[in-house]
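# Notes for the structure review
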Amino acid sequence: MKEKKEGITAADRPILKNKSYLYLTEFFSGMSVMAVELGASRLLAPYFSSSQIVWTIIIVTIMIAMALGNIYGGRKVDKDPNPDKLYGRILLAAIWIALIPALGRYIIIGISALLVFTISTNFLVIAAFAACMIIFVFPLFLLGTVTPSLVKYTVDSLDDSGKIVGNLNAFNTVGSIIGTFVPTFISIPTVGTSITFLIFAGILIILAAIYFISSHIFPKKLPIALIIFILCCIFGHGNSFAFWQKHLTAEDESIYNYLQVSENDKQVILSTNVLFGVQSVYLKDRELTGMYYDYAMAAPYMAGIYENDRPLDVLILGMGTGTYATQCRRYFGKMNIEGVEIDQKITDLSHQYFQLPQDINVATYDGRAYLNALSSDHWKKDSPYGTSDKKYDIIMVDAYQDITIPFQMSTVEFFTLVKAHLRENGILVVNMNMRGISTQGGPDGALKKDANITDYLADTISYVFPEVAIVDVDYSTNRELFAACSPGLLEHFRQNIALENDPELLQMMNRVESELKSYSPGNHIMTDDKAPVELLGMQVIDEIIRDEVSYYKKIYDEKGWDGLMEIL
């Protein structure tokens, strides 16, 4: 006989009579919201980056969902204080969260494919926001109804209302703290983003199931939720972020990155973002890569490699899998190379797949923090270099990845720190990976269309270093910047390449020399207080996308979807 539910309150459910289960509900609800937020950042990062812009979009989406859920939940529980409906909403939220690993990637790619043909500016913002709204708003809206409902169930009188609401908020906050730490440091690095979503969906399903079973209620949606959850566990957790690519050599996640290694007969490639190209490459025939690493090999000549009677000391900030270090060793022989890479899993991959020499030490550290550590009293005390800071002949900065440019490694203060760790004739080489198609900006330092991220970086570096030269890498959006601590950069370069005996390398350096230009700085200076790297990077991404899809847009305009599908 079907139970009549009109007029049912929390007092009619034995499990809620001592209110402990209500506090647990608040705890697990807060925990799940934060876990979904962190999972959202990892789900979006391989497609849209993990920049401050994307994080802002995620936070805004969650705040919208929670606010609407609070309003709806408060009004709903005043009209009908039936706790069955609250736990039904929790169950529905759990089902939706469980479906995210199975469907989320396809939704993101579908939205991106649709928007790339319909908008020409702010693609990253609009696409990321649309994906967040479609994928995450509904379950977080449902979880947003929890707190106002629980206030209704727990507050018996005005005498203890403040205490009860305070306890509920405390349980929610503690749950949120745990829901922040567990995905970041345990579940995502250990089992991945997909299983993290499934874990927290499972927790919510168990929470709702205990409520219904203990109340001797067996709604049809409970077994349906269990079946969907089981199917998601079977089919959802194995999906690749780049699901259209087959036969990947390795795919993994770390605290910082999505990691994808692909391999063919000629090369091994690392990508940390499936929509924004290659981060590292290793050629099995040990030839030049044809990429920016080749251009960056001009730095040893500028540092006087054939004028020194000792091996050069090189520091690479943003080591990646060590392509630059491997090439320097291959072509120049003995060099004292150190690397700094914030992601230990990338360093592990460098030895496993990319043949990084074992004697090259790689510190797991943030690049700027590492330079600060070199200057610390602790380092000086324990360092073989005595009481003076260690200095290098070359420091390479290769830590800029798509729009994710760490602002702390793009400012006057950072480059001043770099210069302090270079010798008198030392060279800074910076790989700037988003030069776009715009030209240098005007003198007022404003954020203009004619001043892109590479202009700001070059101007900032020129503020610190007396001589700067740049060269654009053919067939890519990369630009290599070379900065010298003292004048004579171009002269040293020409003198030392004249002493090169390797025909392949000499040809490459002659090519660089013919395209290398002295940089005339403007006034676009970035500081620790003001470094709008995300907005500048987004401008360049819009330019790159417009340039890349213009061909396909033309076909679409002329022949529609049928013509486009024929080309694809």
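See the structure printed just above.
So, here is what we can say about the structure in this document. (Residues numbered from 1 in each chain as written. Predicted model: local features only at pLDDT ≥ 70, side-chain atom pairs only at ≥ 80, totals over all residues. Heavy atoms only, no water.)

## Description of the pairing of strand 11 (residues 479-484)
For clarity, the threshold we go by: Under the scheme applied here, a residue whose accessible area is under 20% of the maximum for its type counts as buried, over 50% as exposed, and between as partly exposed, the area being computed with a 1.4 Å probe on protein chains only. Secondary structure is summarised from DSSP: a helix means a run of H or I of at least four residues, a strand means a run of E of at least two, and numbering begins at the N terminus for each. DSSP bridges decide pairing: two strands pair if at least two such bridges lie between them.
Among the six residues in strand 11, six count as buried, and that is most of the element. Residues of strand 11 alternate between two faces, with Arg 479, Leu 481 and Ala 483 on one and Glu 480, Phe 482 and Ala 484 on the opposite face, all of them buried. When strand 9 (residues 422-432) meets strand 11, the two strands line up antiparallel, connected through six bridges. Note that in strand 11 the partner of Asn 431 across the bridge is Glu 480. Summarising the sheet, strand 10 (residues 467-472) and strand 11 pair through six bridges and their orientation is antiparallel. Looking at strand 11, one finds that Val 471 is bridged to Glu 480. Here strand 10 folds back onto strand 11, and the loop between the two strands holds six residues, one of which, Tyr 475, carries a positive phi near 60°.

## Some details on empty space enclosed by the protein
Rule in force here: A 1.4 Å probe that fits but cannot get out identifies a cavity on a 1 Å grid over protein atoms alone, an open set with protein on both sides within 12 Å along at least five of seven lines counts as a pocket, and a residue lines either if it has an atom within 4 Å of a point. Grid points are joined across faces, edges and corners, and a volume is the space filled by probe spheres set on the points. Residues are grouped as follows: nonpolar covers Ala, Val, Leu, Ile, Met, Phe, Trp, Tyr, Cys and Pro; charged covers Asp, Glu, Lys and Arg; every other residue, Gly included, is treated as polar.
Per the counting criterion, the structure on display carries three cavities of 30 Å³ or more. What lines the largest cavity is Val 281, Tyr 282, Leu 283, Thr 289, Thr 321, Gly 322, Thr 323, Thr 326, Gln 327, Arg 330 and Phe 354. Listing elements by their share of the lining of the largest cavity, those giving two or more residues are strand 4 (280-283) and helix 11 (323-332). Looking at the lining of the largest cavity element by element, the count peaks at four residues for helix 11. Taken together, the residues that form the lining of the largest cavity break down as four nonpolar, six polar and one charged. Each pocket or cavity is described by its volume, and for the second largest cavity that value is around 50 Å³. Only strand 9 and helix 17 (489-497) provide two or more residues apiece to the lining of the second largest cavity. By residue number, the principal contributor to the lining of the second largest cavity is strand 9, which donates three residues. Residue composition of the lining of the second largest cavity, grouped by class: six nonpolar, five polar and no charged.

## Brief notes about the pattern of salt bridges
Going by this rule: Counted as salt bridges are all cases of a side-chain nitrogen of Lys or Arg within 4 Å of a carboxyl oxygen of Asp or Glu.
Across all of its chains, the model carries 15 salt bridges by this definition. We note a salt bridge from Arg 310 to Asp 393, for which the minimum N-O separation is 2.8 Å. In this pair, Arg 310 is assigned in the loop between helix 10 (298-302) and strand 5 (313-317) and Asp 393 in strand 8 (residues 392-397), connecting sequence segments 83 residues apart. For Arg 479, the salt bridge identified is with Asp 472, shortest N-O distance 2.6 Å. We classify Arg 479 as buried; its relative accessible area is 12%. Note on Asp 472: relative accessible area 29%, which makes it partly exposed.

## Regarding the packing of helix 4 (residues 123-144) against helix 5 (residues 146-154)
The condition that has to hold: Interaxial angle, 0 to 180 degrees, is taken between N-to-C directions of lines fitted to C-alpha atoms, where a helix line uses only the stretch in contact. In what follows, roughly perpendicular refers to angles from 65 to 115 degrees, roughly parallel to angles under 35, roughly antiparallel to angles over 145, and oblique to any angle outside these ranges. Only heavy atoms matter for contacts: two residues are in contact if any of them lie within 4.5 Å across the pair.
Running from N to C, helix 4 and helix 5 cross one another at 15°; their axes reach a closest spacing of 5 Å. With respect to each other, helix 4 and helix 5 are oriented roughly parallel. On helix 5, the residues touching Leu 142, Leu 143 and Gly 144 of helix 4 are Val 146, Thr 147 and Pro 148. A class-by-class count of the residues in the contact of helix 4 with helix 5 yields four nonpolar, two polar and no charged.

## Focus on helix 13 (residues 367-374)
Two residues of an α-helix separated by three or four positions point the same way, owing to the 3.6 residues in each turn. Our working rule: The directions considered for the arc run from the helix axis to the C-beta atoms. Definition of a polar contact: a pair of N or O atoms within 3.5 Å, with one able to donate and the other able to accept a hydrogen when the atoms are protein atoms, and with sequence-neighbouring residues admitted only if both atoms are side-chain atoms.
Buried within helix 13 we find Gly 367, Arg 368, Tyr 370, Leu 371 and Leu 374. The buried residues of helix 13 all sit within an arc of 155° when viewed along its axis, so they share a single face. The opening residue of helix 13 is Asp 366, an N-cap whose side-chain oxygen sits 3.1 Å from the backbone nitrogen of Arg 368.

## A short note on the nonpolar core
What counts, and what does not: Among buried residues, those of type Ala, Val, Leu, Ile, Met, Phe, Trp, Tyr and Cys that are joined through side-chain atoms within 4.5 Å constitute a nonpolar core.
Formed by 68 residues in total, the largest nonpolar core has its most connected members in Leu 44, Phe 48, Tyr 87, Ile 108, Phe 136 and Leu 140. Contributing elements (two or more residues each) for this core: helix 1 (20-48), helix 2 (52-79), helix 3 (83-115), helix 4, helix 5, helix 6 (161-191), helix 7 (193-214) and helix 8 (221-235). In this view, Phe 136 contacts Val 36, Ala 40, Leu 43, Ile 100, Ala 131 and Phe 197; residues no more than four positions away in its chain are not counted. Core analysis: the next-biggest nonpolar cluster, separate from the first, contains 46 residues, Leu 288, Leu 312, Tyr 324 and Phe 493 among them.

## What about the environment of Lys 419?
Position of Lys 419 among the secondary structure elements: in helix 15 (residues 412-420). Classification of Lys 419 as partly exposed rests on a relative accessible area of 29%. For the pair Lys 419 and Lys 391, spaced 28 residues apart in the sequence, the C-alpha separation amounts to 9.2 Å. The residues contacting Lys 419, other than those within four sequence positions of it, are Val 464, Phe 465, Pro 466 and Cys 485.

## Digging into the packing of aromatic side chains
Keep this limit in mind: Working definition: rings of Phe, Tyr and Trp (its six-membered ring) pair if their centres are within 6.5 Å, and the pair is stacked with planes under 30 degrees apart, edge-to-face with planes over 60 apart, and tilted otherwise. For a Lys NZ or an Arg CZ to count as sitting over a ring, it must be within 6 Å of the ring centre and within 35 degrees of the ring normal.
Within this structure, the stated rule accounts for 15 aromatic pairs. Taken together, the ring pairs connect Tyr 21, Tyr 87, Tyr 211 and Phe 212 into an aromatic cluster. Sitting over the face of the ring of Phe 465, Lys 419 holds its NZ or CZ atom 5.9 Å from the ring centroid.

## Notes on the sheet that holds strand 1 (residues 250-253)
Read across the sheet, four strands follow the order 1-2-3-4 without closing on themselves; strand pairing throughout is antiparallel. In this open sheet, the two edge strands, each paired with only one partner strand, are strand 1 and strand 4. Each neighbouring strand pair of the sheet contributes to a mean axis angle of 10°, computed without reference to strand direction. Of the pairings in the sheet, the one linking strand 2 (residues 258-263) to strand 3 (residues 267-271) comprises four bridges and is antiparallel in character. For Val 261, the partnering residue across the bridge sits in strand 3 and is Leu 270.

## Some thoughts on the pairing of strand 3
Most of strand 3 is tucked away: four of the five residues are buried. A loop of three residues connects strand 2 with strand 3, the two strands running antiparallel in sequence. Of the strand pairs in this sheet, strand 3 and strand 4 are connected by four bridges, and their pairing is antiparallel. Among the inter-strand pairings, Leu 270 is bridged to a residue of strand 4, identified as Ser 280.

## Re the sheet that holds strand 9
The strands that make up a sheet are held in pairs by hydrogen bonds between backbone atoms, and each pair lies either parallel or antiparallel. In space, the eight strands of this open sheet follow the order 7-6-5-8-9-11-10-12, with mixed pairing throughout. Of all strands in the sheet, those bounded by a partner on one side alone are strand 7 (361-363) and strand 12 (517-518). Where strand 10 and strand 12 come together, two bridges link them in antiparallel fashion. If you follow Ala 469 over to strand 12, its bridge partner there is Ser 518.

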